[in-house]
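Topology and contacts: notes
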Amino acid sequence: MRSERVLFWCLLSIVLIAPLPLGSNRPLGWSLLALAVGVLLAAWSVHHLYTGRRLAVDVALIRVPLVLFFIACAWVLIQLIPGIPFGLAHPAWQDISIFFGVSIPGRISIDPDGSMTVFMRWMAYAAVFWLALQLGRDRANAGMALRAFVWAGAAYALYGLTAYLTGGETILFYKKWAYREALTSTFVNRNSYATFAGMGLIVAFLLILNGAKRYHTKDQSLRQKMLFHLGRAGPALLFLGTAAFLILSALILTGSRAGAFSTLAALLVVLVCTGAGKSRHRYGLGAPVVFFGLMAIAVYALSSEFLLARLENASLGARQMTYLQTIEAITDHSVLGSGLGSFAQIFPLYRADDALVAKFWGRAHNTYIENILELGLPAALALFVAVGALAARCWRGVQARSRDRHFPIMGVAVSVLVGLHSFVDFSLQIPAVTIAYMFLLGIAVAQSFSSRRA
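Residues numbered from 1 in each chain as written. Predicted model: local features only at pLDDT ≥ 70, side-chain atom pairs only at ≥ 80, totals over all residues. Heavy atoms only, no water.

Let's talk about the packing of helix H3 (residues 63–79) against helix H5 (residues 112–135)
Each pair of packed helices gets described by two things: the angle between the helix axes and the distance between those axes. Look at H3 against H5: their axes get within 11 Å of each other, and the N-to-C directions meet at 160°. Here H3 is positioned roughly antiparallel relative to H5, judged by the angle of their axes. Once H3 is placed against H5, the crossing between them reads as left-handed. For the pair formed by H3 and H5, the contact residues are Phe69, Ala72, Cys73, Val76 and Leu77 on the first element and Phe119, Trp122, Met123 and Ala126 on the second. When its residues are assigned to classes, the contact of H3 with H5 shows nine nonpolar, no polar and no charged. (Axes fitted to C-alpha atoms, helices over the stretch in contact; angles between N-to-C directions. Helix = DSSP H or I, 4+ residues; strand = E, 2+ residues; numbered from the N terminus. Parallel < 35°, antiparallel > 145°, perpendicular 65-115°, else oblique. Left-handed = near helix turned anticlockwise from the far one by under 90°. Contact = heavy atoms within 4.5 Å. Nonpolar A, V, L, I, M, F, W, Y, C, P; charged D, E, K, R; others polar.)

Some words on the nonpolar core
Counting 125 residues, the largest nonpolar core has Trp122, Met199, Ile202, Met410, Phe439, Ile443 and Val445 as the members making the most contacts within it. Considering every element that reaches this core, the biggest residue donor is helix H7 (residues 190–214), with 14 residues. Discounting residues that sit within four places of it in the chain, isoleucine 202 has contacts with Ala266, Leu267, Val270, Ala413, Val414 and Leu417. (Core = buried A, V, L, I, M, F, W, Y, C linked by side-chain atoms within 4.5 Å. Buried < 20%, exposed > 50% of the residue type's maximum accessible area, 1.4 Å probe, protein only.)

Considerations on the side chain of serine 422
If you trace the backbone, serine 422 turns up in the loop between helix H17 (406–421) and helix H18 (431–446). Residue classification places serine 422 among the buried residues on the basis of a relative accessible area of 3%. There is a polar contact of 2.6 Å between the side chain of serine 422 and the backbone oxygen of valine 418. Residues contacting serine 422, with those up to four places away along its chain left out, are Asn366, Thr367, Tyr368 and Leu428. (Polar contact = N/O pair within 3.5 Å; in protein donor to acceptor, adjacent residues only side chain to side chain.)

Points about the side chain of histidine 421
Within the element layout of this structure, histidine 421 appears in helix H17. Overall, the relative accessible area of 1% leaves histidine 421 in the buried class. Residues in contact with histidine 421, not counting those within four places in the same chain, are Asn191, Thr195, Ser256, Ala258, Gly259, Ser262 and Ser427.

Brief notes about helix H10 (residues 257–274)
For the α-helix, the turn length of 3.6 residues means that residues three or four positions removed from each other point alike. Taking 1.5 Å per residue, 18 residues should reach 26 Å; H10 reaches 26 Å between its end C-alpha atoms and fits that length. Within H10, the full set of buried residues consists of Ala258, Gly259, Ser262, Thr263, Ala266, Leu267, Val269, Val270, Cys273 and Thr274. The arc enclosing the buried residues of H10, seen along the axis, measures out at 165°, which places them on a common side. When the buried face of H10 is taken as reference, the exposed residues oriented beyond 90 degrees from it are Phe261 and Val272. For H10, the N-terminal cap is serine 256; the gap from its side-chain oxygen to the backbone nitrogen of glycine 259 is 3.0 Å. (Expected span 1.5 Å × (residues − 1). Arc of directions from axis to C-beta.)

Considerations on the packing of aromatic side chains
On inspection of all chains with the given rule, the structure shows 12 aromatic pairs. Taking the centre distance of 5.8 Å and the plane angle of 85° together, the rings of tyrosine 156 and phenylalanine 196 count as edge-to-face. Here the residue tyrosine 156 occupies a position in helix H6 (residues 139–165), and phenylalanine 196 occupies one in helix H7, the gap between them amounting to 40 residues. Both residues of the pair, tyrosine 156 and phenylalanine 196, belong to the buried class. Pairwise contacts between aromatic rings join Phe149, Tyr156, Phe187, Tyr193 and Phe196 into one cluster. Here the guanidinium or amino end of arginine 121 rests over the ring plane of tryptophan 30, the centre of that ring lying 4.5 Å away. Above the plane of the ring of phenylalanine 426 lies arginine 363, whose end atom (NZ or CZ) is 5.6 Å from the centre. (Phe/Tyr/Trp six-rings, centres within 6.5 Å; stacked < 30°, edge-to-face > 60°. Lys NZ or Arg CZ within 6 Å of the ring centre and 35° of its normal.)

Quick notes on the environment of arginine 190
With respect to the helices and strands, arginine 190 occurs in helix H7. Given the relative accessible area of 7%, arginine 190 is considered buried. In this structure the C-alpha to C-alpha distance between arginine 190 and leucine 253, which are 63 residues apart in sequence, comes to 9.1 Å.

Examining the pattern of salt bridges
Tallied over the full model, the rule gives seven salt bridges. Between arginine 180 and glutamate 169 there is a salt bridge whose closest N-O contact spans 4.0 Å. One end of the pair, arginine 180, is in the loop between strand S2 (174–175) and H7; the other, glutamate 169, is in the loop between H6 and strand S1 (170–171), and 11 residues separate them in sequence. Given the relative accessible area of 43%, arginine 180 is considered partly exposed. According to the relative accessible area criterion, glutamate 169 is partly exposed, its value standing at 33%. Glutamate 181 is the partner of arginine 190 in a salt bridge, and the nearest nitrogen-oxygen pair spans 3.0 Å. Since its relative accessible area comes to 41%, glutamate 181 is described here as partly exposed. One continuous salt-bridge network, built from bridges that share partners, spans Arg139, Arg403 and Asp404. (Salt bridge = Lys/Arg side-chain N within 4 Å of Asp/Glu carboxyl O.)

See below:
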């Protein structure tokens, strides 16, 4: 329906604009993002009720991750209850009451404002996933989404390369205050942009592979196949190759070690998934893989000095100390947690007198242990398994589907990328990155079901 196409274009616009205002990682940015997504969800709901059509993807098909996510959300709301009984409130509230001489209702969360802010962002991420799941079931919508994501990824990469190569030390209209020597595009943190760029590179590579499958013939040599692809799919291949070249160049110039290796692992997963399932050995991988490999070598030769220098100086340093001290904090909050979004407030209580971490440290640089500290182990596991179940649904789609398998492959690959990178950084705590991931994952899950099941 035309109205659904309009809703989809609105969703796509929100996702692609989100990286522009510093990755939407400022109060105004994430507030406007949440407002826009909320209005769009309301519009979709009214449209769905008015038309009376069935859901494109039935709720029963994602009931396990849905229930687990609701459990995690319910626990966050419980953490926010003022005056919670049974001695569940964090002891810090009693200390605050004594210090000010006023009785203050205790909560499990030691930072209620932070918890409500992050919870608001959670709801925006969930809404983007839901809208992508329902609107991305349409094959035309899903295909356009991937192409548009590559276009946007190339545009952000081109901006970053231009700013970097001209010696500019600004992000849009702001003077850089961090990572002046690295390419960050419209993001503040190079690692966050590396994750976003990695997702764009994965999508571009998958579209190249999918185009190769479309024109695959078994009786031609590798040289003939490459010439054939250049002749038949010239403009499309030229654009995708150029976009991938720009994104890969920008990714390497970020100097993000974890971002580069996580993206490489995800690209290897793409190749593994492409040879799995019902369409085994039917894609004709030789020509696009050789083409992409030559391009990667060229980019690496031109722009790898910065990344190599950082690899030579690789050291955990402050992060290792942060991990150990965060794990120590987890032992005191293993069940109830300290409250969603409270890491910056709880960590100073456990920070050792060490020069490496003596300054303000707002992130654990490991999303998993930070979530366990804030949510407690049971709720954090529910959240992890919910996302993992969606990625597993994509893997089953890779094995089961014979057409449009590049969609579920994308879901598996981007999940590997963000999952690995989250062990050593906090990219998923940047709204624009998580919005993009939820958007791509929603489309991948929607396309992982056969037309009969959905």
